[in-house]
Amino acid sequence: MRKQATARQRLPLSRPPLERMLRIHQAIRSGSHPNATRLAVDLEVSTKSIHRDLEFMRDRLELPVEFDPKRNGYRYAQEVSSFPTLQITEGELFALLVAEKALQQYRGTTFEKPLLSAFRKMAASLPDSVSLSLADWEQTISFRTSAEPILDLQTFDTLAKATARHQQLLLTYRKPGRKETEPRVVDPYHLANINGEWFLFGYCHLRKDIRTFVPSRILEVKTTGKTFPLPRKFSLEKRLRDSFGVITGQGEFDVLIRFDETISDYIREKRWHPSQQLTEIEDGSIELRLKLSSLVEVQRWILAWGGHAAVLAPAELVESVKRAARCILEQSGRG
């Protein structure tokens, strides 16, 4: 594998197709009537590549390219003002603006500069024929999160780069509810944003298993100088398939919750879990059935509905919710 990679690196680098076509456009528009041989020499590619580029420009970009046998070169059959580097409809532009708005919640993270750069390049490539009042949409659409995660940007940047480069990390980590920290040697597999919060999934050499780490609980991080291969069997989707959020377990729980008429519409309007099944009740309430491997997160979710949710199964979850509710009452009664 290393020999192949080295061989590839030694190959002469050619310009990207879009850049080549832009150079071809400039040559044709100048009126010099370039032919395929001349363009191939100037752009350091084969004449076949030039012919493919010209076909693409004519058939896909709808540029009026034609060959002039008298001048033995290419010309435009009619006036062309600009090269259509990006063709986009108003609807597509609107979707792009929505995406840009959605990404604003990650301003200040390691993604901010490359995202802004990418959006600026796309905006600069838009054809003049597309018009949309950005000021109007600026006041129309926004995204808000109820609780914004607090991130140390330097830590987050190190995690993101190490995950992309498969670099092993040494974390100084604090588990929730504890004041003391402990060192963890971790192979970072995946950095994910789940419901607005960031999580690092990686192999913990201390626990000899895949663990989930919260970036805000990492007090210090540095690379060990070692790299690792990403296991082919690792799949975040499969790992979280039976979890209600990010906590996975070894259990198999058939969860059944009844929501009263007051909030039944909220339950109908979302897909809470891939396994969910909804059953309508005559009184307007609704029952939600889930298959989970852990009850930790679903218990917290049930309590958040403030008495409008009743746990019917399993027995462990019924008792867990009762204990938590009694604890809330006791804590609330203390002056």
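Criteria and cut-off values
- Residues numbered from 1 in each chain as written.
- Predicted model: local features only at pLDDT ≥ 70, side-chain atom pairs only at ≥ 80, totals over all residues.
- Heavy atoms only, no water.
- pLDDT = per-residue confidence, 0-100.
- Helix = DSSP H or I, 4+ residues; strand = E, 2+ residues; numbered from the N terminus.
- Contact = heavy atoms within 4.5 Å.
- Axes fitted to C-alpha atoms, helices over the stretch in contact; angles between N-to-C directions.
- Parallel < 35°, antiparallel > 145°, perpendicular 65-115°, else oblique.
- Left-handed = near helix turned anticlockwise from the far one by under 90°.
- Nonpolar A, V, L, I, M, F, W, Y, C, P; charged D, E, K, R; others polar.
- Core = buried A, V, L, I, M, F, W, Y, C linked by side-chain atoms within 4.5 Å.
- Buried < 20%, exposed > 50% of the residue type's maximum accessible area, 1.4 Å probe, protein only.
- Pairing = 2+ DSSP bridges.

The share of residues in the protein with pLDDT of 70 or more is 75%, and the mean pLDDT across the chain is 83. The element-level mean pLDDT for the protein is lowest in helix H1 (residues 2-10), coming to 35, with strand S8 (residues 253-259) highest at 97. Considering only residues more than four positions removed or in separate chains, one finds that residues 128-135, a stretch of pLDDT under 50, has 9 contacts.

Looking now at the packing of helix H2 (residues 17-29) against helix H3 (residues 36-43). Between H2 and H3, whose axes approach to 11 Å, the crossing angle comes to 130 degrees. As far as their axial angle goes, H3 and H2 are oblique. In the crossing of H2 with H3, the sense of the turn from one axis to the other is right-handed. Contacts from Arg20, Arg23, Ile24 and Ala27 of H2 reach H3 at Leu39, Asp42 and Leu43. Looking at side-chain class alone, the contact of H2 with H3 contains 4 nonpolar, no polar and 3 charged residues.

Turning to the nonpolar core, a few remarks are in order. Counting 27 residues, the largest nonpolar core has Leu159, Leu171, Ile194, Phe201 and Phe213 as the members making the most contacts within it. Elements supplying a minimum of two residues to this core: helix H8 (153-165), strand S3 (167-173), strand S4 (182-194), strand S5 (197-204), strand S6 (209-213) and strand S7 (218-227). Counting 21 residues, the second largest nonpolar core, distinct from the first, contains Phe259, Ile286, Leu290 and Leu295.

What follows concerns the sheet that holds strand S9 (residues 277-280). The strand order S9-S10-S8-S11 describes an open sheet built from 4 strands, whose pairing is antiparallel. Here the strands that pair on one side only, and so sit at the sheet edges, are S9 and strand S11 (309-313). If you compare each strand with its neighbour and ignore which way they point, the axes differ by 25 degrees on average. Where S9 meets strand S10 (residues 286-292), 4 bridges bridge the pair, whose relative direction is antiparallel. Paired with glutamate 280 across the bridge in S10 is isoleucine 286.

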